[in-house]
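Architecture at a glance
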Amino acid sequence: MAEEVLLTSPGKISSYLTRSLLAVAFLTSFGSSMLYGYNLAVVNSPAAYIKNFYNRSVVSRNGTIMDEESLTLMYSLTVSIFAIGGLVGSLMVGVLVTRFGRKGTVVNTSVLVFVASVLMGFSKVCGSPEMVIVGRFITGIHSGISLSVVPMYLGEIAPKNLRGFLGLVPSIFICVGVFSAQLLGLHELLGKEEHWPLLLSLVAVPTFIQLMLLPWFPESPRYLLIEKHNVHATITALKWYRSKCNIQEEIEEMQEEQRSLSSSDTLSVWQLLLDKSVRWQVLSVVVINIGMQLSGIDAIWFYTNDIFENAGIPAGEIQYTTVGTGAIEIIGGLIGCFTIEKLGRRPLVIGGFTIMGVCCAGITLSLILQVSLPFMRYISVTCVVGIIAGFCIGPAGVPFLMTAELFKQSHRPAAYIVGGSLNWISNFTVGFVFPFLQMSAGAYCYLVFAAVCCAVATYVYAFIPETKNKTFVEISRMFSKKEAVLETQALVAPGHVDTLKLRKMNGGYGTLENGSLELDSSSSAP
């Protein structure tokens, strides 16, 4: 069983951070989430070697050299097919977590990583560019699944006052993955031409470690009780994850949620979108997930080397500067992880997007003025660092955590499909559109990202309540009140309606728990 690591209030269930919770958070993040960050960055360093391999392979097959346009197209497909795989994976999440459970999905989908690793690792020996492309597609599928399932799993096993901390652990490991790819891609390590297949196939190592250890840990207690109705397994899992505390209160909270969902099975995406009782939660997931990618972070990563080059950094040292930005990502992620339970979700998201918006506008200003004011080149570097740090503090991980917190058990898988698919579609769109936007708007293209960041920060400030230290049922009631107020404002016309009854909505996430709300003429405005 788990051993106690931290105890702040002996009388409360939610006060314990156990070694079991930490172990599961690290294992799932190390063996799954980290691979997303690694695969995002790993193709940058060996790009020239991969293109050279593609060219030689075509020459050996057809006897003709590929023209530059065809070679660029083939390499672009290698990079972008990862996002297409991610979209496919995100659409599979609902079926997988319902059938195999949260932990079961993480374990069973590990096979995808091993298949992809073998394909990419032996592609050079077999002289097959197709093996690299298919391998990238399969790793994309795995990342699309992991980006949704890991936060869902951690959000369900964590006590309410540690849900934010554990929920941001995957985002730290995503940053670690990016940093690892940048570090290993240095010429002194695996950045040589003969090593690029090994660099691509290293993803199998963390997944193997995860596969050896994770099956020994229990499934999500909420999944076991609410979906599988297995009380004994639920109690066993809670004792493993909580240790030395009374779990009765937490079981009662799960049973209360189970009773509210007793007439409702797991919803499909279409049912989720048609459910008016969760419209604010769905809209919030849409806004924060699209905003996460349209914030310009992908464009910044794309343009970083050019900005550093314009700042006067020697070409041979840019790769080391890029590794430095990876270290900043990790520091930003750690700051967010260790402050979220003190500050809450809203300040990190609002603050992160605001910092990014200001820095995007700063890049535009510095790029315009650096011709006449040479010191503005260093301002642009500072703005790049600010955007990366702002993103990793909040917007990098909190959207996935919010998706888990804003929905009950029956709605959560469909919500992750919506959020995940929009995330990957937006990712692909930015990668495809940004070069054209840059050509047409020049330095002003970053003002588009600044506007998106400010818009998302404003939406979160105005419409998304703080969920820190709240149970899933309490969060449900918060949105119930918002829905009731909005319906009252829409239906009550001053001077025309004497009596209005808001009847209890059955089975939905936005359910009013205490009968009906009545407003009569004595309490209405005259």
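Residues numbered from 1 in each chain as written. Predicted model: local features only at pLDDT ≥ 70, side-chain atom pairs only at ≥ 80, totals over all residues. Heavy atoms only, no water.

A few words now on the overall build of the chain. Secondary structure summary: the chain contains 24 helices and four strands in total. Evaluated residue by residue, the chain yields a buried proportion of 55% over its 526 residues. Within the structure as shown, the chain displays about 22,000 Å² of accessible surface, and the carbon and sulfur contribution to it stands at 66%. (Helix = DSSP H or I, 4+ residues; strand = E, 2+ residues; numbered from the N terminus. Buried < 20%, exposed > 50% of the residue type's maximum accessible area, 1.4 Å probe, protein only. Areas by Shrake-Rupley, 256 points an atom, 1.4 Å probe, with all protein chains shown as cover.)

In this section: the packing of aromatic side chains. Under the counting rule described, the total for this entry stands at 11 aromatic pairs. On the numbers, 5.2 Å between centres and 50° between planes, the contact of phenylalanine 53 with tryptophan 196 is tilted. Remark: tryptophan 196 occurs in helix H10 (residues 196–201) and phenylalanine 53 occurs in helix H2 (residues 47–62); sequence separation between them is 143 residues. Taken individually, phenylalanine 53 and tryptophan 196 each receive the classification buried, so the pair is uniform in this respect. (Phe/Tyr/Trp six-rings, centres within 6.5 Å; stacked < 30°, edge-to-face > 60°.)

A complete count under the given rule lists 10 salt bridges for this structure. Salt-bridge contacts for glutamate 405 lead to arginine 163; the nearest nitrogen and oxygen are separated by 2.8 Å. Of this pair, glutamate 405 sits in helix H21 (residues 398–405) while arginine 163 sits in helix H8 (residues 163–167), placing them 242 residues apart in sequence. An identical accessibility class is assigned to glutamate 405 and arginine 163; each is buried. Where arginine 345 meets glutamate 341, a salt bridge forms, and the shortest distance between an N and an O atom there is 3.4 Å. When sorted by exposure, arginine 345 lands in the same class as glutamate 341, which is buried. One network of salt bridges, in which partners are shared, links Arg102, Glu156, Glu227 and Arg412. (Salt bridge = Lys/Arg side-chain N within 4 Å of Asp/Glu carboxyl O.)

Relative to each other, helix H3 (residues 68–100) and helix H7 (residues 129–157) sit at 40°, their axes nearing to 6 Å. With respect to each other, H3 and H7 are oriented oblique. Of the two elements, H3 crosses H7, and the hand of that crossing is right-handed. Across the contact of H3 with H7, the residue classes tally to 19 nonpolar, 10 polar and one charged. (Axes fitted to C-alpha atoms, helices over the stretch in contact; angles between N-to-C directions. Parallel < 35°, antiparallel > 145°, perpendicular 65-115°, else oblique. Left-handed = near helix turned anticlockwise from the far one by under 90°. Nonpolar A, V, L, I, M, F, W, Y, C, P; charged D, E, K, R; others polar.)

Let's shift gears to the confidence of the model for the chain. Here the chain averages 82 in pLDDT, and 85% of its residues register 70 or above. In the predicted structure, residues 1–15 sits below a pLDDT of 50 and forms 37 contacts with residues beyond four places in sequence or in another chain. Low pLDDT (under 50) marks residues 495–526, which in the prediction has 57 contacts with non-local residues, meaning those over four places away or in another chain. (pLDDT = per-residue confidence, 0-100. Contact = heavy atoms within 4.5 Å.)

On to the packing of helix H9 (residues 169–184) against helix H18 (residues 318–343), then. The interhelical angle for the contact between H9 and H18, taken along N-to-C directions, is 170°, at an axis separation of 9 Å. Put simply, H9 runs roughly antiparallel to H18. Residues Val169, Ile172, Cys175, Val176, Val178, Phe179, Gln182 and Leu183 of H9 touch H18, and the partners they reach there are Thr322, Val323, Thr325, Gly326, Ala327, Glu329, Ile330, Gly333, Leu334 and Cys337.

With a phi close to 55°, histidine 229 is a non-glycine residue in the positive phi region. Here histidine 229 is to be found in the loop between helix H12 (221–227) and helix H13 (231–242). A residue is classified by how much of its surface remains accessible, and histidine 229, at 57% relative accessible area, is exposed. A positive phi angle is found at asparagine 469, which is not glycine, with a value near 60°. Within the secondary structure, asparagine 469 is located in the loop between helix H23 (445–463) and helix H24 (472–491). With a relative accessible area of 37%, asparagine 469 lands in the partly exposed category.

Here the focus is H13. Relative to the 16 Å expected for 12 residues at 1.5 Å per residue, H13 spans 16 Å between its end C-alpha atoms, a close match to the ideal helical length. Listing the buried residues of H13 in full gives Thr234, Ala237, Leu238, Tyr241 and Arg242. Take H13 and look down its axis: the buried residues cluster within an arc of 115°, on one side only. Buried positions along H13 lie against strand E2 (16–18), helix H1 (19–41), H7, H12 and helix H14 (248–260). A positive backbone phi angle near 65° is found at serine 243, which sits one or two residues after H13. (Expected span 1.5 Å × (residues − 1). Arc of directions from axis to C-beta.)

This brings us to the nonpolar core. Counting 97 residues, the largest nonpolar core has Val24, Leu272, Ile363, Ile387, Phe407 and Tyr446 as the members making the most contacts within it. Among residues more than four places away in sequence, those in contact with isoleucine 363 are Ile300, Ile307, Ser380, Cys383, Val384, Ile387 and Tyr446. Ranked by size, the runner-up nonpolar core spans 28 residues in total, among them Ala41, Tyr75, Leu190 and Leu200. (Core = buried A, V, L, I, M, F, W, Y, C linked by side-chain atoms within 4.5 Å.)

Let us now look at H3. Between its first and last C-alpha atoms H3 spans 46 Å; for 33 residues at 1.5 Å apiece the expected length is 48 Å, and the two agree. Of all the bends in H3, the greatest measures close to 45° and is centred on valine 93. Positioned one or two residues after H3, glycine 101 has a phi angle of 85°, which is positive. (Bend = angle between axes of the 7 residues up to and from the residue.)

Once that is clear, we can look at the side chain of threonine 28. Along the chain, threonine 28 turns up in helix H1. Of note is the side chain of threonine 28, whose polar atom sits 3.3 Å from the backbone oxygen of alanine 25. If we skip the residues at most four places from it in the chain, threonine 28 touches Ser33, Val106, Val150, Tyr153, Leu154, Gln210 and Leu214. (Polar contact = N/O pair within 3.5 Å; in protein donor to acceptor, adjacent residues only side chain to side chain.)

Attention now goes to the state of the cysteines. Between two cysteines, a covalent bond joining their sulfur atoms is known as a disulfide. If you walk through the whole model with that rule in mind, you get zero disulfides. Counting only cysteine sulfurs, cysteine 383 is the nearest neighbor of cysteine 359, a cysteine outside any disulfide, at a range of 4.9 Å. For cysteine 359, a relative accessible area of 13% corresponds to the buried category. Left unpaired, cysteine 454 is separated from the closest cysteine sulfur, that of cysteine 453, by 6.8 Å. (Disulfide = S-S within 2.5 Å.)

By the element assignment, threonine 139 lies in helix H7. Among the polar contacts listed, one links the side chain of threonine 139 to the backbone oxygen of arginine 136, at a separation of 2.7 Å. Those residues in contact with threonine 139 that sit more than four places away from it in its chain are Asn39, Phe82, Ala116 and Met120.

The next point concerns a nonpolar patch on the surface. Nonpolar side chains collect at one region of the surface, where Ile84, Val88, Met92, Phe428, Phe432, Val433, Phe436 and Met439 lie side by side and expose about 730 Å² of accessible area between them. The set of elements that each furnish at least two residues to the nonpolar patch consists of H3 and helix H22 (412–441). Looking at the nonpolar patch element by element, the count peaks at five residues for H22. Of note, methionine 92 is situated in helix H3. Classification of methionine 92 as partly exposed rests on a relative accessible area of 33%. (Patch = residues over 30% accessible without salt bridge, like charges linked within 9 Å, V, L, I, M, F, W, Y side chains within 5 Å.)

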